[in-house]
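Architecture and fold: a report
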Amino acid sequence: MDLATEALGNLLPKLAQLLKDEYILQTGTKKDIEFLSSELETIRAAIRKVGEVPREELDDLNRIWARDAREMSYDMEDIVDAFMVRVQGPDPHSKSSAGQIFNLKYMIQKFTKFMARREVGQAIKDIKERARELAERRDRYKVDDIAPSKKTTVDPRLKALYTEATEIVGIEEAKKEVIAGCSRGYGGQQKKIVSIAGFGGLGKTTLAKAVYNELKGQFDCTAFVSVSRNPEAKKLLKDILYELHNKGEHPSANLDEIKHLIDLIRDFLRNKRYLIVIDDIWEKKPWDKVIGLALMENNMRSRIITTTRIIGVAEHIGGCYRLKPLCDESSERLFYGRICGSKDKCPRQFFKVSESIMKKCGGVPLAIITTSSLLANKSEDIRVWNDVCNSIGSGLGRNPGMDDMRKILLLSYYDLPSHLKTCLLYLSIFPEDYEIEKDRLIWRWVAEGFVQQPDGDQSFLEIGESYFNELLNRSMIQPGRKKDKLEGTPRSCHVHDTVLDLIISLSVEECFITTVSDDRKHSLESIQIRRLSLHNTTAWPTLKMPKLRSLTIFQSTNVVINPTPSLSRNFLLRVLDLKGCCLDQELASLGFLGSLYHLRYLGLSTGYGIHSDQLPVEIGKLRFLQTLDLYEVSRLKELPSSVTGLGQLMCLRGRPWDELGIILPDGLKNLTSLEVLDRLVVKSECIAEELGHLTQLRVLKVIIVPFEDDDWMACNNALVESQGKLTKIESLKIGRVDPYDKKVIRYNMDGSMEVPLSNLRWLCIMRVEFLPTWIKPALLPGLCYLHIDVGIARGEDIQVLGTLPCLRHLIFEADDVSAHESCVVVGPDAFPCAVQCDFHYTRGLVLPSMFPRGAMPRLQHFKFSLEPKQFMSGGKFTADDLCLGHLPSLRSVTVGSLDDEEKDVVRILKKKVEHEAAIHPNGPLDIDYDTVYYNL
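If you're wondering where the values come from, they're calculated on a predicted model, not measured in any experiment.

1. As for the overall build of the protein chain
A tally of helices and strands in the protein chain yields 25 helices and 29 strands. Looking at the protein chain residue by residue over its 936 residues, the buried ones come to 55%. Within the protein chain, contacts between residues at least 6 apart in sequence are counted, and of these 69% link residues at least 24 apart. When the accessible surface of the protein chain is totalled, it reaches about 41000 Å², and 49% of it is carbon and sulfur.

2. Structural notes on the packing of helix H6 (residues 172–183) against helix H7 (residues 204–215)
Contact geometry for H6 and H7: axes closest at 10 Å, N-to-C directions at 60 degrees. Compared by their axis directions, H6 and H7 come out oblique. Considering only the axes of H6 and H7, their crossing is right-handed. Of H7, the residues touching H6 (which contributes Ala174, Lys175, Val178, Ile179 and Cys182) are Leu207, Ala210, Val211, Glu214 and Leu215.

3. A word on the sheet that holds strand E7 (residues 478–479)
Spatial ordering of the open sheet is given by E6-E8-E7, a layout of 3 strands whose pairing is antiparallel. Of all strands in the sheet, those bounded by a partner on one side alone are strand E6 (436–437) and E7. Relative to strand E8 (residues 492–494), E7 runs antiparallel, the two sharing 2 bridges. By the bridge assignment for E8, Gln478 is matched with His494.

4. Examining the packing of aromatic side chains
All chains considered together, the criterion is met by 18 aromatic pairs. Aromatic side chains Phe335 and Trp385 sit 6.1 Å apart centroid to centroid with 85 degrees between the ring planes, which places their arrangement in the edge-to-face category. With Phe335 in helix H12 (residues 328–339) and Trp385 in helix H15 (residues 382–391), this pair connects stretches of sequence that are 50 residues apart. With respect to burial, Phe335 and Trp385 carry one shared label: buried. Ring centres of Phe831 and Phe851 lie 6.0 Å apart, and the angle between their planes is 75 degrees; on these two criteria the pair is classed as edge-to-face. Placement of Phe831 in the loop between strand E23 (809–817) and strand E24 (836–840) and of Phe851 in the loop between E24 and strand E25 (861–866) is noted, with a sequence separation of 20 residues between them. Taken individually, Phe831 and Phe851 each receive the classification buried, so the pair is uniform in this respect. Of the aromatic side chains, those joined through ring pairs into one cluster are Phe812, Phe831, Phe839, Phe851, Phe862 and Phe864. Residue placement shows Arg600 over the ring face of Phe624; its charged tip is 4.7 Å from the ring centre.

5. So, the environment of Phe199
Turning to its location among the elements, Phe199 is positioned in the loop between strand E1 (192–197) and H7. Take Phe199: its relative accessible area is 6%, and that puts it in the buried class. Between the C-alpha atom of Phe199 and that of Ser412, which follows or precedes it by 213 residues, the distance is 9.1 Å. Ignoring anything within four residues of it in the chain, the contact list for Phe199 reads Lys204, Val364, Leu409, Ser475, Gln478, His496, Thr498 and Val499.

6. Considering helix H19 (residues 460–473)
An ideal rise of 1.5 Å per residue puts 20 Å on 14 residues; H19 measures up with 20 Å between its terminal C-alpha atoms. Every buried residue of H19 is listed here: Phe460, Leu461, Ile463, Gly464, Tyr467, Phe468, Leu471, Leu472 and Asn473. Ser475, located one to two residues past H19, shows a positive phi value of around 60 degrees.

7. Some details on the nonpolar core
Formed by 113 residues in total, the largest nonpolar core has its most connected members in Leu576, Phe831 and Phe862. A per-element tally of this core places helix H23 (residues 711–723) first, with 5 residues. Residues in contact with Phe831, not counting those within four places in the same chain, are Ile798, Leu801, Gly802, Leu807, Leu810, Cys837, Phe851, Met856 and Pro857. Membership of the second largest hydrophobic core comes to 95 residues, among which are Ile305, Phe335, Tyr426 and Phe468.

Cut-offs used in this document
Residues numbered from 1 in each chain as written. Predicted model: local features only at pLDDT ≥ 70, side-chain atom pairs only at ≥ 80, totals over all residues. Heavy atoms only, no water. Helix = DSSP H or I, 4+ residues; strand = E, 2+ residues; numbered from the N terminus. Buried < 20%, exposed > 50% of the residue type's maximum accessible area, 1.4 Å probe, protein only. Contact = heavy atoms within 4.5 Å. Areas by Shrake-Rupley, 256 points an atom, 1.4 Å probe, with all protein chains shown as cover. Axes fitted to C-alpha atoms, helices over the stretch in contact; angles between N-to-C directions. Parallel < 35°, antiparallel > 145°, perpendicular 65-115°, else oblique. Left-handed = near helix turned anticlockwise from the far one by under 90°. Pairing = 2+ DSSP bridges. Phe/Tyr/Trp six-rings, centres within 6.5 Å; stacked < 30°, edge-to-face > 60°. Lys NZ or Arg CZ within 6 Å of the ring centre and 35° of its normal. Expected span 1.5 Å × (residues − 1). Core = buried A, V, L, I, M, F, W, Y, C linked by side-chain atoms within 4.5 Å.

Here is the structure:
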């Protein structure tokens with residue numbers, strides 16, 4: 001239902017765009033579009049109403065009707081997109097002189113546009129008839145009036161409340177931590193809250209119940225209350241009263257006044273030490289408006305435990321405790337215990353498949369219990385075990401024994417807004433255990449039309465990132481290994497196998513994603529393929545796919561795929577992701593790209609997928625292209641000039657700078673929609689100047705490689721002037737390389753910047769001679785992360801950096817220290833927000849003693865270099881205290897040295913560092929020595 005809602009939501013703005021005066025349509029077509037828009041709004045409202053009913057409570061009539069509405073909206077969107085391409089033409093920047101007005105090419109273009117208007121008019125009439133028939137069917141069968149079935153459903157969470165203590169495995173450590181959390185940090189009489197947060201099926205309720213049972217004897221009154229996904233306030237309050245009165249109804253509890261019920265609970269708890277568990281809270285509102293008001297502070301050392309699947313809710317309530325999956329040992333105990341009694345009693349030939357099953361269960365108790373229950377009576381047939389293992393990750397709906405797991409996960413799925421449901425189902429494109437890069441995923445969402453149109457100053461990237469973070473917050477996806485250097489937030493994610501099972505099954509039911517692999521065969525003849533994902537397959541589907549919108553290929557080997565028919569026939573493609581696959585010679589030439597006019601996302605793969613060092617000029621015809629991802633392309637040297645015709649391009653991503661990089665062409669100023677320009681090469685002053693026209697840029701990472709010696713300073717100055725115009729810039733990285741021998745080139749990067757870069761939070765400047773004069777608080781008021789590499793370090797540089805008000809992470813590298821410089825002293829208010837400071841090769845310019853008390857109040861990690869000669873006078877060691885104790889939040893230090901001539905002094909310095917680390921208030925601090933000289 002939600003897919004249909006989103007599909008209609010994408011279509012309606014496009015129909016409104018067609019009604020604008022710039023599009024000349026045949027007589028009557030605009031009236032048909034107005035009728036369609038009105039009718040589709042009504043259909044969308046009806047689908048929303050049907051979508052409020054849980055999926056398993058809907059009959060086939062509702063599902064068929066919603067499916068037809070979705071397919072109709074897809075077809076209509078394809079018609080509108082095709083019309084816009086044909087009317088405006090694939091190359092909007094082509095020019096015709098007056099002498100060409102009557103030439104054959106011009107007449108053909110005019111005739112083509114006439115035919116396009118005629119065809120779209122007829123196609124819209126056909127869609128109008130489909131919409132009218134769909135509406136009549138809705139009225140005929142009263143689709144949106146059908147109520148959910150009245151069959152009694154059992155809450156799948158109930159089982160956790162009545163699990164015997166002897167059946168509980170692996171929660172001993174978590175139970176100790178929650179109990180400790182109930183006591184930690186409060187020496188007085190205040191109430192204490194612990195909020196257990198985690199993935200559905202992880203055992204939150206079981207853990208809360210175990211803690212409750214152990215602690216309840218210490219309290220005057222107790223209650224354990226479960227919250228529904230859409231709680232009714234009066235019922236919730238009455239449930240609390242019922243529990244507090246030892247499961248007996250309070251005489252006044254039949255009142256319907258919410259305020260009176262809250263007052264009754266507060267009066268009852270006023271002079272009692274209470275323990276109350278509120279299980280499975282889904283939103284902040286029930287806590288703020290109801291529960292939190294009733295559970296008063298009575299200064300009796302009362303305790304409240306809550307559970308929730310949503311991290312943000314736990315953090316809002318307070319005392320967030322993130323429940324971890326079971327360890328391998330506990331997973332084995334639970335798995336083998338339910339099947340054989342113990343691992344010792346399990347035949348050895350089952351060990352390998354058992355390990356695979358437990359890996360897929362990922363330490364989620366409910367997944368382990370559900371899977372082991374399927375195998376409990378089939379412990380002698382290894383084929384069954386292999387079948388169960390293979391089924392995890394291919395769709396839970398196939399196995400009735402997995403119903404409990406499916407219902408638990410569906411609770412989380414139903415709680416998602418419709419746009420997040422679509423974004424989550426889209427993840428079924430990726431293979432099992434795949435590390436999904438955040439930016440790649442977000443730009444694909446944008447290309448598919450899943451990200452809502454920006455409102456105000458927000459960008460597509462920011463809105464998409466909020467979707468990604470919300471799925472993390474709701475535990476529907478798990479953080480990946482890649483982390484943001486500044487915030488430590490995930491830059492990638494993966495999908496737990498049990499969630500992957502669910503979203504694959506839902507995607508298959510909705511014909512949303514079609515996956516083909518050598519070990520996962522689907523019957524493709526009877527379905528309409530719109531999004532195709534190929535996983536490690538050697539065969540290309542032989543079916544015609546005229547409505548294919550998305551193609552993604554994942555290959556773990558260099559097996560050649562021979563797509564037949566040619567991709568050029570799939571002219572409705574919006575997403576083409578060929579990263580990590582091996583293509584045949586014809587496709588490797590990329591000549592087919594010019595015909596894919598609808599393409600929004602293009603991701604290309606490593607060298608074995610591209611056999612030339614140039615992209616074809618036809619790429620300039622992709623006027624709707626939003627993302628061009630060349631990160632994994634190794635042979636490409638320079639972008640063709642036709643790229644500058646991609647007026648809707650928002651993300652242009654080059655490859656890592658292990659090699660020279662991909663050179664930007666002249667004409668960049670035409671790419672006014674660019675938000676991300678990542679890992680590309682600036683070769684001239686002209687290109688550096690043109691960057692200043694890209695005022696939508698939020699991420700800019702380039703290296704300067706002028707191919708003429710005289711261009712270095714001019715290029716530097718132009719780049720500084722350009723970056724001063726990028727008022728939306730958030731991340732900026734600039735490096736320098738000699739194009740011929742790749743040696744380090746250092747120049748000053750001073751220049752005039754009149755407007756502060758208030759949005760700049762991340763800055764990396766490599767290979768400059770001195771600290772640029774524009775790095776100062778007035779121009780960079782919000783800078784949080786700075787990595788700078790200078791030729792000469794000066795004491796005044798450290799003092800300037802200490803005044804940046806928001807700086808949290810600093811990496812300061814230097815080749816040398818200015819002559820006659822010694823350790824400088826900063827003010828007591830220096831580096832007010834710094835958490836980590838790394839000073840590389842500063843040779844005694846920076847020492848802890850330069851920071852008086854009050855400076856660096858939040859610093860946790862400190863790296864500095866010692867110069868042994870600095871501590872010698874007249875041949876004697878004269879070191880004062882290093883003053884590590886001045887830094888109250890310090891947790892670790894890393895010490896480096898550049899001189900191995902004074903080994904005795906080095907030994908003494910090492911002892912001094914270790915002594916101060918040992919007596920620090922947070923001591924002993926972690927110490928690391930990053931040179932061989934301290935291994936003496």
